[in-house]
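Descriptive analysis of the structure
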Amino acid sequence: MKLLVLNGPNLNMLGIREPGIYGNGDYKSLVKYIKESAKEVGVTVDVKQSNYEGELVTLIQKARLRYDGIIINAGAYTHTSIAILDALKASGLLTVEVHISNVKEREDFRQISYISLYAEKVIMGKGFLGYKEAVNYFAERS
Ligand code: DQA
């Protein structure tokens, strides 16, 4: 089981950006946590981050033949990007959507998720733990 964990814009700013919402852990510690979580359940992960919509689309396209599934936190592109939705659909890969914060309790403009139109499961509001739950979901499914 090989998974691609994809993080979108501003997630590289964890630890600095709005700690009241996203916590104090930085991006490096998130990557470490995801890799440790995957190792615990015998799953291989590549963790990537980009601030660019087109790069995220390209990474999803390339994932099609290389991975068994995608865990994606598309950041703000969650609420705007039909291109990322289309790329996920084209990949045909099982997808779990993760958000660190509980977007359902936030601003109106965060209430639409294009990713949710394709993702099999959505995990939100659990901080870093959400990524672990996503990894475990794949491990249990395999
Ligand atoms: C986020 C929620 C998004 O609304 C926001 O734009 C982010 C992070 C989250 O992980 O809670 O950048 O995806």
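Now for a description of the structure that goes with this document. (Residues numbered from 1 in each chain as written. Predicted model: local features only at pLDDT ≥ 70, side-chain atom pairs only at ≥ 80, totals over all residues. Heavy atoms only, no water.)

Scanning the model with the defined rule gives seven salt bridges in all. Where E36 meets K32, a salt bridge forms, and the shortest distance between an N and an O atom there is 3.4 Å. One end of the pair is E36 and the other is K32, both in helix α2 (residues 27-40) and four residues apart, which spans about a single turn. On the basis of relative accessibility, which here comes to 40%, the residue E36 falls in the partly exposed class. For K32, a relative accessible area of 55% translates into the label exposed. K126 serves as the salt-bridge partner of E133, at 3.0 Å between the closest nitrogen and oxygen. Classification of E133 as partly exposed rests on a relative accessible area of 27%. (Salt bridge = Lys/Arg side-chain N within 4 Å of Asp/Glu carboxyl O. Helix = DSSP H or I, 4+ residues; strand = E, 2+ residues; numbered from the N terminus. Buried < 20%, exposed > 50% of the residue type's maximum accessible area, 1.4 Å probe, protein only.)

A separate point is the site of the ligand. Taken together, P9, R17, Y22, N73, G75, A76, H79, H99, I100, S101, V103 and R110 make up the full set of residues near the ligand. Here R17 contributes a side-chain N or O atom positioned 3.1 Å from an oxygen atom of the ligand. Within the contact set of the ligand, an oxygen atom lies 3.1 Å away from a backbone nitrogen or oxygen of A76. Burial of the ligand by the surrounding chains reaches 99%, relative to a free accessible area of 320 Å². Across the shell around the ligand, the residue classes tally to five nonpolar, five polar and two charged. (Near = heavy atom within 4 Å. Polar contact = N/O pair within 3.5 Å; in protein donor to acceptor, adjacent residues only side chain to side chain. Areas by Shrake-Rupley, 256 points an atom, 1.4 Å probe, with all protein chains shown as cover. Nonpolar A, V, L, I, M, F, W, Y, C, P; charged D, E, K, R; others polar.)

Bear in mind that shape data such as this cannot, by itself, settle questions of function.
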